[in-house]
Amino acid sequence: MTRAAWHQPLKIWRKHCYLYPAPVPLPRSRSFWLATGIVAALTLLFSSYFISYLTAQQDALLTNAEDLGIMDQAIWNTILGHLFQQTICNILNDTNCSSLQGISRFALHFEPILFPVSLLYFLWPSPKALQILQVLIVASGAFPAFWLARLRLRNEWAGAAIALLYLLYPAQQNAVTFDFHAVTFTAALLLFTLYFMYTRKTIWLLLFAILSMACKEEIPLLIVFLGLWSMLFQRRWRIGLALVLLAVFWSGLSLLVMHLSSPTGYPLLASRYTYLGSNPLQVAQTILLHPLHILKEHVWEHAHATYLATLLAPAGYLPLLAPWVLILALPSLTLNLLSADPGMYSGIFQYNAELVPVLIFSTIEAMVLIMWLVQRCQMAFLPNDTSLTLPRRKARLLRGYILVALLIYVVWSVVLVDFAHSAMPFAQDFRWPRLSEHSAMAQHFMALIPPTASVSAQTRLVPHLSQRLSIYLFPYGDEQAEYILLDVTGDIYPYSNVRAYDGEVKKVLLGGAYGIIALGNGYLLLERGLPPPVVLPYSLST
């Protein structure tokens with residue numbers, strides 16, 4: 001084949017792929033400022049509500065050792081000179097326990113954004129500071145959602161509706177309400193990255209790409225896709241290549257740091273994928289050689305298919321109409337679907353925060369596609385016959401009605417999902433976190449524990465005791481810790497059944513190493529070295 005023979009089809013292909021030229025700016029009219037004010041008000045309302053909700057959760061003992069307790073201890077240790085040291089882990093069904101002396105958090109995840117976050121603890125060393133910071137950062141994502149939708153749909157009010165969609169999106173809210181995680185920041189940071197990529201603001205693009213990658217070790221894979229996407233659809237070859245190279249460098253740095261920090265030489269949570277192979281090459285080989293099996297077990301299987309539906313349903317499944325955008329979610333989505341940990345594809349934890357920006361962008365692009373098709377149909381069916389052609393004003397009105405219908409559809413879809421299950425006050429299962437008499441009693445028992453003593457405690461108690469060098473999630477450390485604090489009426493995680501939990505508590509009480517300091521209202525505070533109880537308290541004696 002001659003050069004000319006293949007060069008012409010290549011030019012045609014490149015022309016069709018050039019979907020995103022430099023955007024035409026819109027004037028900042030009165031409508032723009034009014035819509036901006038509405039988005040700011042929605043953002044303020046979102047922030048106020050979720051700050052109140054999350055801090056109430058902490059007061060009501062409804063937060064968890066994994067991961068608010070972990071993050072609080074790691075950041076508190078950092079300002080004391082113990083770099084992201086943590087001792088909290090799940091000894092029963094995870095691989096994040098190495099020794100009672102603990103590990104660096106970098107053995108689990110590469111999250112250098114926690115360095116600037118730790119500075120907050122010089123002003124206010126409290127888990128509530130992390131909760132508030134997380135809400136404020138995530139809430140800021142409403143603005144790039146607004147800006148991006150406004151430019152793509154050429155309408156300020158459409159931008160405001162998409163900002164509302166972002167704030168109501170269940171995957172984003174589930175990440176915000178589940179304790180604290182650095183990766184939750186990416187719900188907003190990646191939206192800023194997408195916006196600055198679309199508007200070709202290179203410095204801001206690189207800045208927010210770096211901030212996003214600093215949130216978790218898997219984000220560089222998504223940035224690689226962004227770079228390739230920009231090269232293909234924007235023809236920004238140098239910037240796209242720069243993003244790819246930056247992401248590859250960051251991945252190498254994260255793997256090196258995690259290798260040096262891990263006591264085993266590899267990330268402790270990598271075991272979630274060892275069923276596919278012992279190294280990345282074997283994992284890739286398994287996926288490539290057995291694609292139908294992978295699809296059957298990790299896509300079409302009921303729990304995985306339900307997970308995909310929970311991601312797409314809030315946007316009315318419109319993201320499926322923009323696969324050239326939705327593909328940006330492929331790296332993170334693959335990690336979630338292939339994980340041996342069901343929590344990663346449950347749709348209710350922090351693992352989906354980085355997917356929300358892609359879902360928002362693909363929803364916008366699906367609307368752009370529909371509006372383009374409507375316009376093409378108008379031109380095709382009513383081309384030149386002036387007796388049939390709609391006046392230009394009526395044609396614009398028709399497109400406006402269709403856009404309004406699409407916006408109502410997605411907002412209604414997300415509200416329906418939120419109504420079924422969410423942290424929103426209109427949800428059918430909503431309960432405001434309240435400090436019960438039982439929860440208030442816990443403060444009395446915790447006050448009896450010296451601030452420097454090592455403690456093994458149940459999950460809901462750990463975030464209130466985590467600012468110490470040695471704090472363990474019961475039953476971890478229940479043979480070595482100086483104190484053990486239990487709530488036999490509370491959440492028994494990581495145990496999945498009461499019988500196993502009761503058996504462990506009996507073992508501790510009958511082991512002879514611990515005696516009871518205080519008990520009451522379901523709480524047991526034990527101290528190492530005291531005489532063991534003669535009679536077992538509560539129902540544990542049955």
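Check the entry above for the structure.
Residues numbered from 1 in each chain as written. Predicted model: local features only at pLDDT ≥ 70, side-chain atom pairs only at ≥ 80, totals over all residues. Heavy atoms only, no water.

## What to know about the overall build of the protein
Phase 1 of the analysis: Looking only at helices and strands, the protein has 22 helices and 7 strands in total.
Phase 2 of the analysis: Against the globule reference of 24 Å for 542 residues, the protein gives a C-alpha radius of gyration of 26 Å, in line with a compact fold.
Phase 3 of the analysis: Taking all 542 residues of the protein together, 52% fall into the buried category.
Phase 4 of the analysis: Partitioning the contacts of the protein with sequence separation of at least 6, the portion at a separation of at least 24 is 71%.
Phase 5 of the analysis: Split by element, the accessible area of the protein, about 24700 Å² in all, is 67% carbon and sulfur.
Phase 6 of the analysis: Averaging the positions of the 33 positive and the 27 negative side-chain charges in the protein gives two centres separated by 23 Å. (Helix = DSSP H or I, 4+ residues; strand = E, 2+ residues; numbered from the N terminus. Rg over C-alpha atoms; globule rule 2.2 N^0.38 Å. Buried < 20%, exposed > 50% of the residue type's maximum accessible area, 1.4 Å probe, protein only. Contact = heavy atoms within 4.5 Å. Areas by Shrake-Rupley, 256 points an atom, 1.4 Å probe, with all protein chains shown as cover. Lys, Arg positive; Asp, Glu negative; His and termini not counted. Charge placed at Lys NZ, Arg CZ, Asp CG, Glu CD.)

## Describing the packing of helix H2 (residues 30-59) against helix H8 (residues 156-168)
Phase 1 of the analysis: Viewed as axis vectors pointing N to C, H2 and H8 meet at an angle of 10 degrees, and their least axial separation amounts to 9 Å. In this view, H2 runs roughly parallel relative to H8, as classed from their interaxial angle. Contact residues: Ser31, Phe32, Leu34, Ala35, Ile38, Val39, Leu42, Thr43 and Phe46 in H2; Glu156, Trp157, Ala160, Ala163, Leu164 and Leu167 in H8.
Phase 2 of the analysis: Grouping the constituent residues of the contact of H2 with H8 by class yields 12 nonpolar, 2 polar and 1 charged. (Axes fitted to C-alpha atoms, helices over the stretch in contact; angles between N-to-C directions. Parallel < 35°, antiparallel > 145°, perpendicular 65-115°, else oblique. Nonpolar A, V, L, I, M, F, W, Y, C, P; charged D, E, K, R; others polar.)

## Concerning the nonpolar core
Phase 1 of the analysis: Of all hydrophobic cores here, the largest spans 135 residues; its most connected members are Ile162, Tyr166, Ile223, Ile360 and Leu485.
Phase 2 of the analysis: Top element by residues in this core is helix H10 (residues 186-198). It accounts for 11 residues.
Phase 3 of the analysis: Every residue in contact with isoleucine 360, bar those within four places of it in the chain, is listed here: Ala145, Ile162, Leu165, Tyr166, Tyr169 and Leu191. (Core = buried A, V, L, I, M, F, W, Y, C linked by side-chain atoms within 4.5 Å.)

## Some points on a nonpolar patch on the surface
Phase 1 of the analysis: Together, Leu119, Phe122, Leu123 and Trp124 make up a nonpolar patch on the protein surface, roughly 510 Å² of accessible area in all.
Phase 2 of the analysis: Mapping leucine 123 onto the fold places it in helix H5 (residues 120-123). (Patch = residues over 30% accessible without salt bridge, like charges linked within 9 Å, V, L, I, M, F, W, Y side chains within 5 Å. Salt bridge = Lys/Arg side-chain N within 4 Å of Asp/Glu carboxyl O.)

## Some thoughts on unusual backbone geometry
Phase 1 of the analysis: Put simply, glutamate 66 and aspartate 67 share a cis peptide bond, and its omega is 20 degrees.
Phase 2 of the analysis: Cis geometry is found at the peptide bond from tyrosine 493 to proline 494, where omega equals 15 degrees.
Phase 3 of the analysis: Its place among the elements puts proline 494 in the loop between strand S5 (483-487) and helix H22 (498-510).
Phase 4 of the analysis: Its identity is not glycine, yet arginine 154 carries a phi of approximately 60 degrees, on the positive side.
Phase 5 of the analysis: With respect to the helices and strands, the residue arginine 154 is situated in the loop between helix H7 (142-153) and H8.
Phase 6 of the analysis: Assessed through its relative accessible area of 38%, arginine 154 is described here as partly exposed.

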